[in-house]
Amino acid sequence: MKLMMANIASCIFSLLYLLSLTLFFSPTLGRSINNNKKHVIGLFIFGDSFLDAGNNNYINTTPYDQANFFPYGQTYFNFPTGRFSDGRLISDFIAEYANLPLIPPFLQPGNYTQFYGGVNFASGGAGALVETFEGSVIPLKTQARDHFKKVATWLEHKLGSYEAKMLLSRGVYMFSIGTNDYLSPFLTQSDVLNSFSHSQYVDMVVGNITSIIKGIYKKGARKFVFMNLPPLGCLPGTRIIKSDGNGSCLQQLSSLAKLHNQALSLALFKLEKQLKGFKYSLYDFNADVTQMINHPFKYGLKEGKSACCGSGAFRGEYSCGGKRGNKHFELCDKPNEYLFWDSYHLTESAYKQLATRMWAYTTNSHFLGPYTISDFF
């Protein structure tokens, strides 16, 4: 149905957002963790909008890199938290399965009491390359080398060097990164892909990821979880890029994602051989989402190609939410029947299915790494 955002509605949702933060992210949620911090296995989250729980709410960025307005968050939270979905993300469900509270965004004020149980550093729009959407997001390098370093230092101050290192070594480190490094040249008309071969560009992206992993490993991390890239050319927002307008997948972009996934898998295999105690779980996000696009009914969905929220063909125009410069957008009545929430992101119902299959091995799971996430908790 057609929606038009009025100023009064915007104010109401903003007030609900601010007031409700104290309920969902109160330090009391982390009380049981604080009392048993010597034994907790924390979840430390890095990456992009697939995992951003609200860090972009606290930086100077554009509405396209934020999700703190209606109708985001409507399904579970009943207010926008900054998550790029109608509700919870994969990482929220993984935390639930691990008996952890919601993992707080690093930049949200007053969260230090919960850092024992992990921290979410992810930023919508972020890439492995600093140049990806530079200036409007928190790149992976900043997340890992600045923000994670601050948390490690804080833990050392509170617990002492030995206990902090033990807590960090027990932790699980989850990543979703790379999508924006390949999307950005197509969305910004950048000529960067003309300056490098596809394999060279992929090597730069995966090389940066590898470097970051080694840095976190040096801080004591041993257990890593990775989602590879989805079929990037088959997102609602990329289906509409092709000039012929037939709605087919943008094959050049999906091919880049496949090259990246192959390179990432090989890089992790090598790291396991090089770094003592390094363990990883690599989930084939690409294969899983591809199956859900092509066979939505098999997964209890009615729509696998069009987004629930947006405008234009496939609702692929990134107009979900009036702050994005277009106060007119379409919103489906039942997000749980859709795979895609907006032009680039998934619904809570889809994320829950993915998280369940990521958590432990099932006949429908697509594991590429030697461990499942549940093995780490």
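All values derive from a computational prediction rather than experimental measurement.

Student: Just checking my understanding: could you explain the pattern of salt bridges for this structure?
Tutor: When the charged atoms of two side chains lie near each other, side chains of opposite charge can form a pair. For the structure on display, the rule yields six salt bridges. For Asp-92, the salt bridge goes to Arg-83, with nearest N and O atoms at 2.8 Å. Each member of the pair Asp-92 and Arg-83 is classed as buried. Look at the salt bridges and you will find they share partners, linking Arg-88, Glu-96 and Glu-348 into a network.

Student: How should helix α10 (residues 251-274) be read in this particular structure?
Tutor: Each α-helix winds once per 3.6 residues, and so residues spaced three or four apart point in a common direction. Here α10 spans 35 Å end to end across 24 residues, near enough to the 34 Å set by a 1.5 Å rise per residue. Among the residues of α10, Leu-253, Ser-254, Leu-256, Ala-257, His-260, Asn-261, Leu-264, Ala-267, Leu-268 and Leu-271 are the ones counted as buried.

Student: How do you make sense of the sheet that holds strand β6 (residues 279-283) when you look at a structure like this?
Tutor: Across a sheet, paired strands are connected by hydrogen bonds in the backbone, their directions being either parallel or antiparallel. Read from one edge to the other, the open sheet built from five strands follows the order β3-β2-β4-β5-β6, with strand pairing classed as parallel. What marks the edges here is a single partner per strand, and that holds for β3 (118-120) and β6. Each neighbouring strand pair of the sheet contributes to a mean axis angle of 20°, computed without reference to strand direction. As defined by bridge partners, strand β2 (residues 43-47) adjoins strand β4 (residues 172-176) across five bridges and the pair is classed as parallel. Bridged to Gly-47 within β4 is Ser-176.

Student: What is the right way to read the packing of helix α6 (residues 179-187) against α10 from this model?
Tutor: In a packed pair of helices, the relevant descriptors are the angle between the two axes and the axis-to-axis distance. Look at α6 against α10: their axes get within 10 Å of each other, and the N-to-C directions meet at 160°. It follows that α6 is roughly antiparallel to α10 by the angle criterion. The two elements α6 and α10 meet at a crossing, and its hand is right-handed. On α10, the residues touching Tyr-182, Leu-183 and Phe-186 of α6 are Gln-252, Leu-253, Leu-256 and His-260. Residues of the contact of α6 with α10, tallied by class, amount to five nonpolar, two polar and no charged.

Student: What is the right way to read the packing of helix α4 (residues 140-159) against helix α8 (residues 198-218) from this model?
Tutor: One way to put it is that α4 packs onto α8 with a least axis distance of 10 Å and a crossing angle of 10°. When the axis of α4 is compared with that of α8, the two are roughly parallel. The interaxial crossing formed by α4 with α8 has left-handed handedness. For the pair formed by α4 and α8, the contact residues are Leu-140, Lys-141, Ala-144, Arg-145 and Phe-148 on the first element and Ile-209, Ser-211, Ile-212 and Ile-216 on the second. Here the residues of the contact of α4 with α8 sort into six nonpolar, one polar and two charged.

Student: Got a minute to help me understand the side chain of Arg-239 in this structure?
Tutor: Tracing the chain through its elements places Arg-239 in helix α9 (residues 236-239). No salt bridge is formed by the buried Arg-239, whose closest oppositely charged neighbour, Glu-303, lies at an N-O distance of 7.7 Å. Among the polar contacts listed, one links the side chain of Arg-239 to the backbone oxygen of Cys-234, at a separation of 3.4 Å. Sequence-distant contacts of Arg-239, defined by excluding residues within four places in its chain, comprise Gly-233, Cys-234, Gly-247, Ser-248, Cys-249, Ile-293, Lys-305 and Phe-314.

Student: Would you take a moment to explain the layout of surface pockets for this structure?
Tutor: Rolled over the atoms, a probe with the dimensions of a water molecule shows which regions are left empty. Of the pockets and cavities examined, the largest pocket occupies roughly 290 Å³. If you go around the largest pocket, you meet 17 residues; those closest to its centre are Asp-65, Asn-180, Leu-187, Tyr-318 and Tyr-344. Partitioning the lining of the largest pocket into residue classes produces nine nonpolar, six polar and two charged. Around the second largest pocket sit Leu-129, Glu-131, Thr-132, Phe-133, Ser-184, Pro-185, Thr-188, Ser-190, Val-192, Tyr-201 and Met-204, which together line it. Put simply, the parts of the chain that give the lining of the second largest pocket at least two residues each are α6 and α8. Classifying every residue of the lining of the second largest pocket by side-chain character gives six nonpolar, four polar and one charged.

Student: I keep staring at the nonpolar core and nothing clicks. Help me out?
Tutor: Nonpolar side chains in soluble globular proteins generally cluster together in the buried interior. Core analysis: the biggest nonpolar cluster contains 109 residues, and Phe-44, Phe-46, Ile-90, Tyr-173, Met-174, Ile-216 and Phe-224 have the highest contact counts within it. With nine residues, the single largest contributor to this core is α8. With near-sequence residues (within four places) excluded, Phe-44 lies in contact with Phe-115, Gly-118, Val-119, Phe-121, Phe-148, Val-151, Leu-167, Leu-168, Gly-171, Val-172, Tyr-173 and Met-174.

Student: Teacher, can you tell me more about the state of the cysteines here?
Tutor: In a disulfide, the sulfur atoms of two cysteines are covalently bonded to one another. Counted under the stated rule, the structure contains three disulfides. Here Cys-234 is linked by a disulfide to Cys-249, with a sulfur-sulfur distance of 2.0 Å. Classification of the bridge connecting Cys-234 and Cys-249 rests on its S-S torsion, roughly 115°, and on that basis the disulfide is right-handed. Of this pair, Cys-234 sits in the loop between β5 (223-227) and α9 while Cys-249 sits in the loop between α9 and α10, placing them 15 residues apart in sequence. By relative accessible area, which is 15% here, Cys-249 ends up buried. Paired through a disulfide, Cys-308 and Cys-332 show a sulfur-sulfur distance of 2.0 Å. Here the S-S torsion is close to -90°, and the disulfide linking Cys-308 with Cys-332 is therefore left-handed. In this pair, Cys-308 is assigned in the loop between β7 (303-307) and β8 (309-310) and Cys-332 in the loop between β9 (328-331) and β10 (338-340), connecting sequence segments 24 residues apart. Numbered by position along the chain, the disulfide-linked cysteines of the protein connect as 1-2, 3-6, 4-5.

Quick notes on the rules
Residues numbered from 1 in each chain as written. Predicted model: local features only at pLDDT ≥ 70, side-chain atom pairs only at ≥ 80, totals over all residues. Heavy atoms only, no water. Salt bridge = Lys/Arg side-chain N within 4 Å of Asp/Glu carboxyl O. Buried < 20%, exposed > 50% of the residue type's maximum accessible area, 1.4 Å probe, protein only. Helix = DSSP H or I, 4+ residues; strand = E, 2+ residues; numbered from the N terminus. Expected span 1.5 Å × (residues − 1). Pairing = 2+ DSSP bridges. Axes fitted to C-alpha atoms, helices over the stretch in contact; angles between N-to-C directions. Parallel < 35°, antiparallel > 145°, perpendicular 65-115°, else oblique. Left-handed = near helix turned anticlockwise from the far one by under 90°. Contact = heavy atoms within 4.5 Å. Nonpolar A, V, L, I, M, F, W, Y, C, P; charged D, E, K, R; others polar. Lys, Arg positive; Asp, Glu negative; His and termini not counted. Polar contact = N/O pair within 3.5 Å; in protein donor to acceptor, adjacent residues only side chain to side chain. 1 Å grid on protein atoms, 1.4 Å probe; cavity = no way out; pocket = protein on both sides within 12 Å on 5 of 7 lines; lining within 4 Å. Points joined across faces, edges and corners; volume = space filled by probe spheres on them. Core = buried A, V, L, I, M, F, W, Y, C linked by side-chain atoms within 4.5 Å. Disulfide = S-S within 2.5 Å.

Read these as layout, nothing more, since geometry by itself doesn't imply function.
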